[in-house]
Structure formats: C-alpha cells, structure tokens
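Here is what each chain is made of, one letter per residue.
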Amino acid sequence: MELRRLNGHGLSLTIDLAPLVQGLEPNEAHEKASQIFLDALWGGKPKPLHEWIRTPVSHQAPADIGPDDLIGRLVASWEADRKGYPGWLVAPSHHRMQLRFETDRWFSEMRKALPTASAPFRAKAISELSWRYEIAFWPLDDFMYDLFSSSVSAAELDNLSKSDRIRIYTVLLTQARHDRNWEDFNKWLGLLQRFDGAEVTAICRYQQALKAKADFDFPKLAELALLLKGDDPVWYLRQASLYCLLREYQKAAEIIREAKTLIHTRRSREKNSIWLLSREAWASWLFRSARYELEDHERSVDDDTWPNNYHAAGCDPWDHIHAIDSEISKQWEERAKEAVVIEASFDAGSYRDHSKTVRFRNGAEVLVIDEVIRMSEHVGLPDRIGTMEVMATKVQRAIQVTPQMSVQHVSLAATHIASHSKGLIDHVFSRVNVARLPHAVANELVTTLRPAIDFALQQIVKDNRKWVDTARVYLELLSRLMISQGEDVAKETFLWGMELSKHPGLSHWWLLDPLSHLLCRSLEAVPPVYRGELSYEALSLPLPKERNIAGLAREWPELCDEFDSGDFRNRVSDFKWNSRISELIEAVRTGDTLNRTRALLRLSSLAEETMLSVEEQSRLAVAIWDKRASGNGLPANAELYPHVYLIFPEPSEGLSASAFNEVIVKPLAAGEIDELRLVGLQGSSGERCKDRFTLSPQDALAILDKCIGWRPPAPKNHDFFGTTRDTSQAISKAVGPCLAWAVLPALTSGLLDDVLLTRWRDAVTGANVPSFLLTAAHLLRLFPSEREWVTKTLRKALAARDEATVVAALNATVQFIHLHKKEGIEIPSILSTDIASMCAVRREPGLLHSIAVARRLLMAGLLNQDDQLRIIDSLEFMLIDLDYKEWNTSDPRTKTLTLLRAECVRLAMAFQKAGRQEPAIGQWLEAKKTDAFPEVRFAELDDAN
C-alpha cells in the first residue's frame, strides 16, 4: 500500500540487493537476491491473530541451578505465553493439553524449588501458574492448592498487581467450591470481596450462584442471577445459564440474544479481536438452541448459516464440543474393555486378565468430567435450554466414564440427573453405591434436597410445569438416600412425605411413583419395633379420591403393605382413629373399585388383629357384602385376592366360606385353573383364615387330579400392543405352592391310587412346571416307599442350572422341615448335606435361598456338625465376598447383594442361638449394626415358611 502511494506521487522505490550478493556469478547473484527478497517479505508478514507460539524451555535444568534461578526461567517463559495468548474465551483443546504437559514437565523440579524459593519469585510463579491452570481447565492438585493457600496466608502475594491477586483468589475459590470445602470457599470469597469493581463483584456473585446450584438453593440462585452483571459480555451467557437452572428458559434466551447483539455491535468496531470473536462464536452457538424459546418473529433469520471464520480463528464451539465427544467416546471404549475381566484369545486356554491391568495417569491428564464442567461454568453452558439439550448428555456421559468417582463427583452428579429411573441416577446412586457413600455426603444431600423439593412444588403450584420433572428427580434421589439414614432422619422424612401427599403442587401423575418410593423407603429405614408408632399414618394417607387424582390414580402411593398387621395393635379409641376408620368404611361402601380396594387393604390389618369395635365390624361387614358379583359369590368392585375376605367380618356366620367355596374351590375341582384361584386357595391355608374355611378331602383330591394334569399351553403370538397376556407362567409359579400348602395337607394315603401316583411323579419330574417339585415332601409323606425316588429327584433339581428349578427344590426342603416339625417326617440327610455344600461353595443359582434353607435346617436340628462347620466357613468367606466397598457392580448377584447379606446375618444369629461361637459369627453380628441398608440392619431371626 505504501509503494502504491509513492507511485501515485510520481515517486519510485528502488531496493538495492547487490551488496548482499557480491562475489557471486550473475545468474547465481540474481537467484540469491530474489530468494533474500522473498524471505524478507515472508518474514515481515504479520502473524495471524489466532496463532499462539509458546516460549520453549529446556526440558532439563542445569544441575547447579538455584531455586530462584529455576523459577525465574520458568516465570519468564510463562509470562511470555500469557502475553502472547490470542484471547480465546476457550483455548482450543490441543492448546489446553499442551499447556498442561508443558507445565507438568517441570512439576518435580517445582515441587523442590517453589517451597525454598524466595517470596517474590514464588509469588510471581503462583501468579503465572494460576493463569495457566485457569486457561487449561486444570484442577489444582493438593500440592499446588496448599502452596497457593500458604502463600496467601503468609501475605507473600501482597506486592502483586490487583489483577494478579484477583486471578489467584478466583482459582482458589473455584477449587474450594469443586472440592466442596466450604470453609476455604468463604475465606477466599471474603478476600475477593475486598476489591472494588464490577468484574470482581460479578466473579463473587457467580461463584456464590454456583455454590447455590451445588446446594440446590434455588431461592438464593434466583437472587444472584438477577444481580449478575459485568463488563465482559460473557457475563450475559453465564447469567443466562443460571436462569436455565431456574427453568426460566425464555428469560435466558432473551439474555443470550442480547449478548449476541452487544458483541456484534462491538465487533463492528474491533473486527480483528479474537477476544470478541470467540465470545460471539459461543453466543451464536447458544442462540441456535435458545431461539426456540422466543416468539417466531423474534428468531433471527440468518442463524442457520454458520460462519467459517470461527473455525479459522480457533474459536469454533463445534470444535470444542467435538473434542469432548471424542474423548468421552474413547473413555467409553476403555471402560467397556475393563468391564470384561477375562478376555478369551483365539488359542485354546489363552486369555487376557484385565483385572490385573494397572493404568497410570499423567499429572497433566484431566478427567473429562472436570474439563466439561469447568468449560461449562467458564462459558455459561447450561444442561439444556427448554426442550433443546446443550450439555446434559455430555455431562452425564462424562460422569459415567469417570473411574473411581470422588465424593465431589457424586455431589456433582446429583445436580445433573436428568431422569428419575435410568441413566445417571442408576449409575451413581444405585443401591450398592448408596451404601458406599460417606454418611456426611448422604446427609448433606438429604438436607439440601428437601428445600429444593419444596421450591419445585411451589413453582408447580404457580403453574410452572417445567419443574415437574425436576421435582420427580429430586424425590426419587431423596428416597434412595433414605435407606442409609438413621431412625430419626428417616422418621422425620416419612412424616414430611406424608405432608407432601397433601401438597397442592403434588398433582401431576409423574410425581406419584417417586412420592411412593420416598414414603416406603423412609419407612423402611425406621426400625420395625418403632413402625407401629406410624401405623395411623398408613390409614391417614389420602385415598386417590380424597386428593382428586384423575387419570393414572393407580400410581397414588399405598402404605399398607409396608406394615405388619401387629403394627396396628396400638390403635386407640380416640377421635382421630375413630374418625379415620369411619371414613375408610364409608369408602368401602361408596367408593369405586380403586378406592374401595385401598380402603379394604388398610382395614384388613385392623380386622386381622381384632382392633375394630363391634359397631365398626358390623358397619364394615355390611359395606363389604352389600356388593356381590352374584347372589352366592364374593364381594364385587374390589381387587383383592379371594382369601382376604375370610378375615373380614361377615353379616352372617359362614357367608365368606360359602362364597369362597363357590367361587374358588368348585371351579378348581372342575379344572378351571387360573392364578387368582390358585393363590386364593393357597392363602386360605394361612393361620388367619383357618377359623373360617377348611378344604374337604374330596375337593382336595379333585383339585390335585386336575392340577397335576395341567401343562402350560403352547406360547401365543402377542399382538403389537402386548394386550394378549400369557397367564401360563403365573399359573406355573402358583400351582406348586397351592398344592403343597393348601391341597395336599388335606389328603391321606388311602385316598390316592397308583395311577394318580404315576401321574403325580410325571408332573414332578416334568421340566415345564418346576414348582411341582414343592409337592415332593407330601409325596413321600403319603407314599413312604418313594423315599429313594424323591431323594434322587430333589438332588438332581438342586444341581440344576435353572434358577426356578433350584429354588423349587429348596422350597421343597422347606416343606420337609414343616412336615418334620408337624408330623415327624424324616428328611433325607443327604439333602441337608447338599444344601450345606451349596452354601460352602457359594453356588449360584439359588445361593440366597440355599442360605435361608440352611438356617431353617439348623434351627430344626437337621444339620450335622460337619455341615455346620462348612457353612460357618462360608460365612467367613462371604464377609469378604459380599463387602460393599470391594463389590463389582457388574456381578449378576448385585440384584440380591443386600438380601444375601441379610440372610448371612440371620444365619449367624441362628448359629449364635445354637451355641456356636466361631469368629465369623461375631463378625457378621457386628457388621449388622453398621450396615448401610435396613434389610441387613433390621434382619431378625424367624422361622417363617
């Protein structure tokens, strides 16, 4: 341009290169001069604004260099890097990685030099390091955090500039927040608040807002979001991200649009500013999602085109997002490989054992979740803007690929759960992982979640439906944390949940299932001996019609199954109890099927324990039996198993037995076999029904004849919507227990012939209905000559690989124990030995049931000394094998892990009662006291069938 201006004035410029090529041949001189000229032109070309060339430092320091000299060299290099930084809002991923590795290369030398360097050098090093850690999204390790902290405490940084100290305090404040070190957080926040200026005020408010997010403190978050302002346009994006947390997506979209407009205006004056260009790129990228929250006429018409200059300048958000996705995918693959412990090779007998693989991480490596979260906070990237997802899946997947999650990552995960039933909540807050949570972390989450749920429900009352899913997630998460809580917290939360059941915000059917989980799981954590104190609450829980639940009212919680009938023995005849029982009886009389059923379920325990007054019994009997399916049938409009009516009061004696015989017994004897009738007949054999109904031998023989001839029909083709229900599987499970507990006890050997015996044996050995094995004990009772056949059949079933068959054989042994106690039937001793062996080798399938049956054998005196010793040895092994801390959640036994531990506790209690004093027994009883789960803590010794 300068040459063109000179030519315009009639002037010319001559460049004489002859002195540089003297002594060369003319041809060589011309070529050399041309090369010199071109090199000079290239060398004078301005460096691209986005190019960042860092100052190299020798990889190895001289052996005799002192701490100050070493730190001085490093600081000079780091300062040059900082001053040459192009100004990106987010440095490209490869630059961040290189910055970390270049710094980490000197980490061992810095460990030695920094503590012994003089204060001025150390202060300058900390200043430059804080910038590098901030730009690289690099968490401070313990050494650096302590070094920074001690330097601040010693006032070594007081001579640094204001901007340097603000940056150092901000880095410390951010790290303390991520570490949930609230004492240090408040300390660094106090130091920052001493400085004046809009930027410092914005930093403090934003950090407080992010802490409020971590604490689920939405009122505080709303207060801070309103006040968040700063000179840097990025504060608009950060403010918008806070409004997204508050589900005010339209407000967030308006702020992002305002930021985009502001940056665009400033860019018209500073077109070459990478600092502004990168902010414009992120604002534009966010607006592509945010614009859908605005009215149609407010959407920008040119937002479907994406400028190429963002990528060219190294500040394209898509490049950063792609880098994150690539790293997450890479770590997913690594986790998938690690999940396969033994990887078979092609050659016979050769394999790779991944359980012995050790992976070392470089200090410069950053967990992908830390990088994602720090980038999201730095830019202001929300999980979602309305229906448009921004970072939600990336954050969730990054957490899921994090190896050995810290308690900080667990708390972080709680704030990013998107679904109440799958994904992150199952990965981080599974039953086993909740057991591993330190009590302090679980207690903190419980304390912060309750106010968050209250806030969400208040928003729903205001008709802000965007909070429904949030309330659902928080209710489910709180319910999962409940099972590890102590009695006081669990009881308090249960009563709080009862109040929630009446909350006007809890009207959406999405919230009903999580509310049910909260009530049931908090009650589960209350010791059984104290649950009777809460029995009135089970009655007082509103019925669906009392809350006007429409649509999916069946999802409304019901607590009656969580209480034993004995819990209602503390009923008192005061106004509160009398009034509620009257309301329930009225619901039985006038309610629809659902409400009538719920009311009957709640009254059944009171009826069973004879806790109803004579007048209440009379009114309830009329309310139940005034509605009958037919003239001689059972009551209608209630979804109860038929035998339940045998415990309720009846208008006239024998009415319920007569109806039960008509509806259940006669159809079964005629061959009309279904699940409802089988379960009903089995239920009638219970202690609470025997006073009302007894099955006659003739009916029992007819039902046995029909049942042993039943076989599952050929599978049906289900229609597209699954409305064709296959009931054969349910019948297969119910037919054996029904025969064993209700039918066969009514028979004597004189009623059966050899033909029926042959058919019975065929049914027991058939592969289609494993539950027929339960009848083997009665077969031996009625036909003592079949002892060898019964023993062989059950032993073969115990050795099966099919879980249903193994469990059925174990339940047949329970039948033997029952008959041994009642009628003195001798149990084949080899069965006891086989079950002891299953426990000793911890054999699956059926380990849970084999431990339970071994306990019953022990309590019945049917285990010899050798078998007892083998089982005690297995208890010692299971202390290690079933430890929560070492448990591999990919183990199929995870589904029954806590139940296995509970059965081990009961078995240890049985051995203690039998006089055994081996160490493993005492260790299990000690472990019971502090176990994370109520099913283990409250495991009691019983001998129920």
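Residues numbered from 1 in each chain as written. Predicted model: local features only at pLDDT ≥ 70, side-chain atom pairs only at ≥ 80, totals over all residues. Heavy atoms only, no water.

Undergrad: I'm lost on helix H34 (residues 728-743) in this one. Help?
TA: Residues separated by three or four positions in an α-helix point in the same direction, a consequence of the helix having 3.6 residues per turn. Where H34 bends most, at Ala734, the angle is about 30 degrees, and the proline Pro737 comes one to four residues later. The buried count for H34 comes to 13 of 16 residues, which makes it a mostly enclosed element. (Bend = angle between axes of the 7 residues up to and from the residue. Helix = DSSP H or I, 4+ residues; strand = E, 2+ residues; numbered from the N terminus. Buried < 20%, exposed > 50% of the residue type's maximum accessible area, 1.4 Å probe, protein only.)

Undergrad: How do you make sense of the side chain of Thr493 when you look at a structure like this?
TA: Among the secondary structure elements, Thr493 is positioned in helix H24 (residues 487-500). For Thr493, a relative accessible area of 1% translates into the label buried. If near-sequence neighbours (up to four positions away) are discounted, Thr493 is found in contact with Arg450, Leu478, Met482, Leu518 and Ser522. (Contact = heavy atoms within 4.5 Å.)

Undergrad: How should the packing of helix H28 (residues 575-590) against helix H30 (residues 614-625) be read in this particular structure?
TA: Helix-helix packing is described using two parameters, namely the angle between the two axes and the distance between the axes. The N-to-C vectors of H28 and H30 enclose an angle of 20 degrees; their axes lie 8 Å apart at closest approach. Of the possible angle classes, the one that applies to H28 and H30 is roughly parallel. Here H28 runs over H30; the crossing is left-handed. Within the contact between the two elements, H28 uses Asn578, Ile581, Ser582, Ile585, Val588 and Arg589 and H30 uses Glu616, Arg619, Leu620, Ala623 and Ile624. Residues of the contact of H28 with H30, tallied by class, amount to 6 nonpolar, 2 polar and 3 charged. (Axes fitted to C-alpha atoms, helices over the stretch in contact; angles between N-to-C directions. Parallel < 35°, antiparallel > 145°, perpendicular 65-115°, else oblique. Left-handed = near helix turned anticlockwise from the far one by under 90°. Nonpolar A, V, L, I, M, F, W, Y, C, P; charged D, E, K, R; others polar.)

Undergrad: What exactly am I supposed to notice about the pattern of salt bridges here?
TA: Should the charged atoms of two oppositely charged side chains come close, the side chains can pair. Taken as a whole and assessed by the stated rule, the structure comprises 55 salt bridges. Between Lys83 and Glu79 there is a salt bridge; the shortest N-O distance is 3.2 Å. In this pair, Lys83 and Glu79 are both assigned in helix H3 (residues 67-83), 4 residues apart and thus about one turn of the helix distant. Of the charged contacts in the structure, one is a salt bridge between Arg855 and Glu903, with a shortest N-O distance of 3.5 Å. (Salt bridge = Lys/Arg side-chain N within 4 Å of Asp/Glu carboxyl O.)

Undergrad: What is the right way to look at the packing of aromatic side chains in this model?
TA: Two numbers describe a pair of aromatic rings. These are the distance of the centres and the angle of the planes. All chains considered together, the criterion is met by 25 aromatic pairs. Pairing Trp52 with Trp88 gives two aromatic rings, centres 6.3 Å apart and planes at 70 degrees, and the pair type is edge-to-face. Taken together, the residues Trp52 in the loop between helix H2 (26-44) and H3 and Trp88 in the loop between H3 and helix H4 (93-104) connect sequence positions 36 residues apart. When the ring of Trp282 is compared with that of Trp285, the centres are 5.7 Å apart and the planes differ by 80 degrees; the resulting orientation is edge-to-face. Here the residue Trp282 and the residue Trp285 both occupy positions in helix H14 (residues 274-290), the gap between them amounting to 3 residues, near one helical turn. Note on Trp282: relative accessible area 1%, which makes it buried. Under the relative-accessibility criterion, Trp285 is labelled buried at 8%. An aromatic cluster is present here, built from Phe216, Phe218, Phe455, Trp467 and Tyr474 joined pairwise through their rings. Taking the ring centre of Trp52 as reference, the NZ or CZ of Arg54 above it sits at 4.8 Å. (Phe/Tyr/Trp six-rings, centres within 6.5 Å; stacked < 30°, edge-to-face > 60°. Lys NZ or Arg CZ within 6 Å of the ring centre and 35° of its normal.)

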